[in-house]
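Structure at a glance
So you can see what is in the structure, the chains are spelled out below.
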Amino acid sequence: MEQRAVVTAGTGGIGLETAMGLAAHGLAVTVVGRNPERGVRAVERIATVATGGEPRFLAADLASLGEVRALAARLAAEGPLKVLVNNVGAMFADRQQTVDGIEATFAVNHLSPYLLTELLLDRLRADGPSRIVNVSSGAIKVAKRTFDAVEPPGGYYGFHWYGRAKLANLAYTLDLAERLRDSGVTVFAADPGGAATDMTDGTMNSPRIVSPGLRLLWPLVRRTFERSTAGPASMAARPSVFAATDTSLDGRTGLLIGPQVHPVPAFRGSTDPRTVRDVLRLSRRLAPLVAGR
């Protein structure tokens, strides 16, 4: 029986490179994205390295919780699932709102992978041993650790709000690992480090994405960051591929795989009990597992 993997936002950048890495390890990879044309091109590239089942594409706008629910239902009905990589991520220069009326940074970077994962847990348990990999970011270090509401106090600054959403997802990821311990489902976070992607080449160029106190220094900080960590998307995908496939992780869970492709200590804010409690409470309120509740 073929081993199936799902990679969200898998039609370009780190997601596509992750999908190619999983396919090279013998997994039949389904990539999820919004654009069918990019999906076709991605599948063609993945097929050139695949050693297992045929890759395929599913269209879904992961900013929509309704589409996330529909995607989960389809994936769960299609049979065994061994690996789920929540690679989706987005940073916005200006505040945006989703079709659900939720601030887009939090919705895309945390609520989408949270909801998709929760809705696929029964499928993943049934097909264990299986793995969940949630892609993290070093931007969590500049995040406000307040999660009593979807939006933090103060003005909108894309980089900080992106880091906050990724912090929420890391806190959820580590808590989920403990919840699923000994269930046959292991859970990892993967930090890709810096990478040359559409997001970094676009949004990250704008000093407006950081708070006023950092704006004068932002060009210097960004250049230093790029020189020290940025590389091709294929390098940035390595932590996710390792977390999803490496046999040295068999039986282990709750680890953050760093850019150098080995476990690193998790940012301490991600394990703070109050942060975890508030993230879970907010997530359950904004993205109930049963629509309409």
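The preceding data block contains the structure.
Attention in this report is confined to the structure presented alongside it. Within each chain, residues carry numbers counting from 1 in the order of the written sequence. For a predicted model such as this one, the threshold for reporting local features is a pLDDT of at least 70, and the threshold for listing and counting side-chain atom pairs is 80 or more; totals across whole chains, interfaces and linings nevertheless cover every residue. The side-chain values count all of the structure's non-hydrogen atoms but skip hydrogen atoms and water molecules.

**Here's the deal with the packing of helix H4 (residues 104-126) against helix H11 (residues 273-286)**
The condition that has to hold: To obtain each axis, a line is fitted to C-alpha atoms, and for helices this fit is confined to the stretch in contact; angles are then taken between N-to-C directions over 0 to 180 degrees. Only DSSP runs of H or I reaching four residues or more are called helices, and only runs of E reaching two or more are called strands; each is numbered from the N terminus. Roughly parallel refers to an angle under 35 degrees, roughly antiparallel to one over 145, roughly perpendicular to one between 65 and 115, and oblique to any angle outside these ranges. Contacts are residue-level and defined by heavy atoms, with any inter-residue pair within 4.5 Å sufficient. The nonpolar class holds Ala, Val, Leu, Ile, Met, Phe, Trp, Tyr, Cys and Pro. Asp, Glu, Lys and Arg form the charged class, and all remaining residues, Gly among them, are polar.
Relative to each other, H4 and H11 sit at 85 degrees, their axes nearing to 10 Å. In this view, H4 runs roughly perpendicular relative to H11, as classed from their interaxial angle. Residues Phe106, His110, Leu111 and Tyr114 of H4 lie in contact with H11, whose contacting residues are Val279, Leu282, Ser283, Arg284 and Leu286. Counted by class, the contact of H4 with H11 contains six nonpolar, two polar and one charged residues.

**Description of the sheet that holds strand E2 (residues 28-33)**
Put simply, the rule is: Pairing between two strands is assigned when DSSP locates at least 2 bridges connecting them.
Pairing is mixed in the open sheet, where eight strands are placed in the order E3-E2-E1-E4-E5-E6-E7-E8. This sheet does not close on itself; its edge strands, each paired only once, are strand E3 (56-59) and strand E8 (263-264). Direction of pairing for strand E1 (residues 4-8) relative to strand E4 (residues 83-86): parallel, over a ladder of three bridges. Bridge pairing in E4 links valine 7 to valine 85. Relative to E3, helix H2 (residues 36-47) is tilted by about 160 degrees, and along the sheet it contacts E2 and E3. Packed onto the sheet, helix H3 (residues 65-77) meets E1, E2 and E3 and runs at close to 145 degrees relative to E3.

**With respect to helix H10 (residues 238-245)**
Let me state the cut-off plainly: Type-normalised accessible area, obtained with a 1.4 Å probe on protein chains alone, sets the label of each residue: buried when under 20%, exposed when over 50%, and partly exposed for intermediate values.
Most of H10 sits inside the fold, with seven of its eight residues counted as buried. Taken together, the buried positions of H10 are occupied by Pro239, Ser240, Val241, Phe242, Ala243, Ala244 and Thr245.

**Brief notes about the packing of aromatic side chains**
We apply this condition: For Phe, Tyr and Trp, rings pair up if their centres lie within 6.5 Å, where Trp contributes its six-membered ring, and each pair is then called stacked (planes under 30 degrees apart), edge-to-face (over 60) or tilted (otherwise).
One pass over the structure, following the stated rule, counts two aromatic pairs. Centre to centre, the rings of tyrosine 114 and tyrosine 172 are 5.1 Å apart; their planes meet at 75 degrees, and the pair counts as edge-to-face. With a gap of 58 residues between them, tyrosine 114 in helix H4 and tyrosine 172 in helix H5 (residues 158-179) connect regions that are remote in the sequence. Across the pair, tyrosine 172 and tyrosine 114 agree in class, each one buried. Measuring from centroid to centroid gives 4.7 Å for tyrosine 156 and tryptophan 161, while their planes differ by 65 degrees, and the two rings are edge-to-face. Judged by relative accessible area, which is 16%, tyrosine 156 ranks as buried. Of the residues examined, tryptophan 161 reaches a relative accessible area of 6% and is grouped as buried.

**A few points about the nonpolar core**
Convention followed: As used in this record, nonpolar core signifies buried Ala, Val, Leu, Ile, Met, Phe, Trp, Tyr and Cys residues forming a set joined through side-chain atoms within 4.5 Å.
Among the nonpolar cores identified, the biggest contains 54 residues, and Leu71, Phe106, Leu120 and Ile132 are the most heavily contacted of them. When residues of this core are traced back to their parent elements, those giving at least two are H3, H4, H5, strand E6 (185-190) and H11. Take this core: its biggest share by element is 11 residues, from H4. The contacts of leucine 71, once residues within four sequence positions are left out, are Val32, Leu58, Ala60, Leu62 and Leu116. Counting residues in each nonpolar core, the second largest holds 28 residues, with Val7, Leu27, Val241 and Val261 among its members.

**A short note on helix H1 (residues 13-24)**
Because an α-helix completes one turn every 3.6 residues, residues spaced three or four positions apart along the sequence face the same direction. Our working rule: One fewer than the residue count of a helix, multiplied by 1.5 Å, yields its expected span.
The terminal C-alpha atoms of H1, which comprises 12 residues, lie 17 Å apart, in line with the 16 Å expected from a rise of 1.5 Å per residue. Counting buried residues along H1, nine of its 12 residues qualify, which places the element largely inside the surrounding structure. As for H1, its buried residues are in contact with E1, E2, H2, E4, helix H9 (233-236) and H10. Positive phi appears at glycine 26, one or two residues downstream of H1, with a value of about 95 degrees.

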